[in-house]
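Chain residues, written in single-letter form:
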Amino acid sequence: MLQYIPNILFILILGVGIGYFTKNIRKVIRNIRLGKDVERSNNKKERFKNMLMIALGQSKMVRRPISGILHVVVYIGFIIINIEVLEIIIDGILGTHRIFAFLGGFYDFLIASFEVLALLVLVGVIIFWTRRNIIKLKRFWNPEMKGWPKNDGNLILYFEMILMTLFLVMNAADLQLQELGADHYSKAGAYPISQIISPLFNGMSELSLIILERTSWWLHIIGIIIFLNYLYFSKHLHILLAFPNTYYGDLNPKGELDNLEAVTNEVKLMMDPSADPFAAPVDDDQTEGEPEKFGASDVTDLNWVQLLNAYTCTECGRCTSECPANQTGKKLSPRKIMMDTRDRLKEVGDIIDKNGSFVPDGKELLNDYITPEELWACTSCNACVETCPVSISPLSIIIDMRRYLVMEQSAAPSDLNNMMSNIENNGAPWPFNQMDRLNWSDE
Ligand code: SF4
Ligand code: SF4
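Here the structure is a predicted model, which is why all the values come from computation and not from measurement. (Residues numbered from 1 in each chain as written. Chains lettered and ligands numbered in written order. Predicted model: local features only at pLDDT ≥ 70, side-chain atom pairs only at ≥ 80, totals over all residues. Heavy atoms only, no water.)

Is there a simple way to think about a nonpolar patch on the surface in this case?
Where nonpolar side chains cluster on the molecular surface, the patch consists of Tyr 20, Trp 148, Leu 155, Tyr 158, Ile 162 and Phe 233 and spans about 570 Å² of accessible area. With four residues, the single largest contributor to the nonpolar patch is helix H6 (residues 148-180). Considering the arrangement of structural elements, one finds Ile 162 in helix H6. (Patch = residues over 30% accessible without salt bridge, like charges linked within 9 Å, V, L, I, M, F, W, Y side chains within 5 Å. Areas by Shrake-Rupley, 256 points an atom, 1.4 Å probe, with all protein chains shown as cover. Salt bridge = Lys/Arg side-chain N within 4 Å of Asp/Glu carboxyl O. Helix = DSSP H or I, 4+ residues; strand = E, 2+ residues; numbered from the N terminus.)

As structure tokens, this is what we get:
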């Protein structure tokens, strides 16, 4: 019975890890569903192609070659190496040693590739850390990156460094034990990188090597389970959400704004005096008798794709670095718009967890997180949307919040209010009577 204790312990740790992860992912899905409905089920072929190109192929990442190529190496390496987790899990449950060794030459090829990739990931992660902390690239030091976002960015790099090191140490100790002909450690795999490390362990007793190999093995798999659960609390949730986010991205030409259905109906009624005002379709989300709310002042006024965007944001800051408003010293940072939306959404989710349903907490996305000053600084140029490596649109949230300010609070900047009054009264943005519009040509 005693010999099965590690197997039972392993199954327990795995079960708790996967259970906690599943619980949190269900919360993420529930929170995203708090958003309003939006049609994104059309054109499945193009959506699938976008997902393959942008999320899997990282096509937008490599537009900035240094960080892009490094990210591709770390991403592919990390994902492929984790294929070995499958073997680790089966070994952990059954108590076997390298169960896929029966694949022979192919197994040697796999392990050798994993080792080379592990080294590349390690190098890539060290360069990423240097760019953040030594070179101090400006986009990682913007005001919204203080505190947790900064620590989160570094923590994940430390995680990856530790996991890759443990992987290589585990293999190097295993290789030594295989060469010593230790019990249970049958010959399997090829180890181009561990071969270089393993002489460090020359002279160690068989028992010490077994302790080193087992410790690395356990820490490696426990580290992966912790990493998996850490994703929920981190911007690294994008590892998973980049796929649905790129699939459900907006396929309309950039710059094309969606019309508010209620406003479109009003305009139609104005243009057709014989129309029945009571025949106007009512929004699905609208309760009968309840007036339509125009625009968004809180996360539940946004649609579910915008909320998915918020959870997917990698906080890379490419949008902010390309934003003309930010570049000219305005308060706006599109990355902060996404981070604020996610923080507020999590806050709303926590209130639901605590009370069973949402209880107003006197706070909103508007003003408590995002100020009108930020919203009106946007030129709606679309640079942030164009550059985002995972198809996020900070602009769509900005537009919806501005709609709320204009249509619900009449709180547009005075220049804009003057222009809209002029359009209403004069049919043009200028403060002249329509009859005087061509006066300029007399001069
Ligand atoms: S659309 Fe607005 S937020 Fe986005 S880059 Fe342009 S000015 Fe900045
Ligand atoms: S919105 Fe896109 S570009 Fe901007 S920080 Fe998030 S992932 Fe990066």
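How should the packing of helix H4 (residues 83-94) against helix H8 (residues 206-230) be read in this particular structure?
The geometry of a pair of packed helices is captured by two quantities: the angle between their axes and the separation between those axes. Running from N to C, H4 and H8 point in directions that differ by 115°, and their axes come no closer than 11 Å. Viewed along their axes, H4 and H8 form a crossing whose handedness is left-handed. Side by side, H4 and H8 meet where Val 85, Ile 88, Ile 89 and Gly 92 of the first sit next to Trp 217, His 220, Ile 221 and Ile 224 of the second. In terms of residue class, the contact of H4 with H8 is made up of six nonpolar, two polar and no charged. (Axes fitted to C-alpha atoms, helices over the stretch in contact; angles between N-to-C directions. Left-handed = near helix turned anticlockwise from the far one by under 90°. Contact = heavy atoms within 4.5 Å. Nonpolar A, V, L, I, M, F, W, Y, C, P; charged D, E, K, R; others polar.)

In this structure, what is going on with the site of ligand 2? I would like to understand it.
Around ligand 2 sit 13 residues in total, of which Cys 313, Cys 316, Gly 317, Cys 319 and Cys 388 are the nearest. Listed by contribution, the elements that provide at least two residues to the shell around ligand 2 are helix H12 (318-322) and helix H14 (334-355). Counted by class, the shell around ligand 2 contains eight nonpolar, two polar and three charged residues. (Near = heavy atom within 4 Å.)

Would you mind going over the site of ligand 1 with me for this structure?
In the vicinity of ligand 1 there are 13 residues, among which Cys 323, Cys 378, Cys 381, Asn 382 and Cys 384 approach most closely. Contributing elements (two or more residues each) for the shell around ligand 1: helix H17 (383-387) and helix H18 (394-407). When the residues that make up the shell around ligand 1 are grouped by side-chain class, the tally is 10 nonpolar, three polar and no charged.

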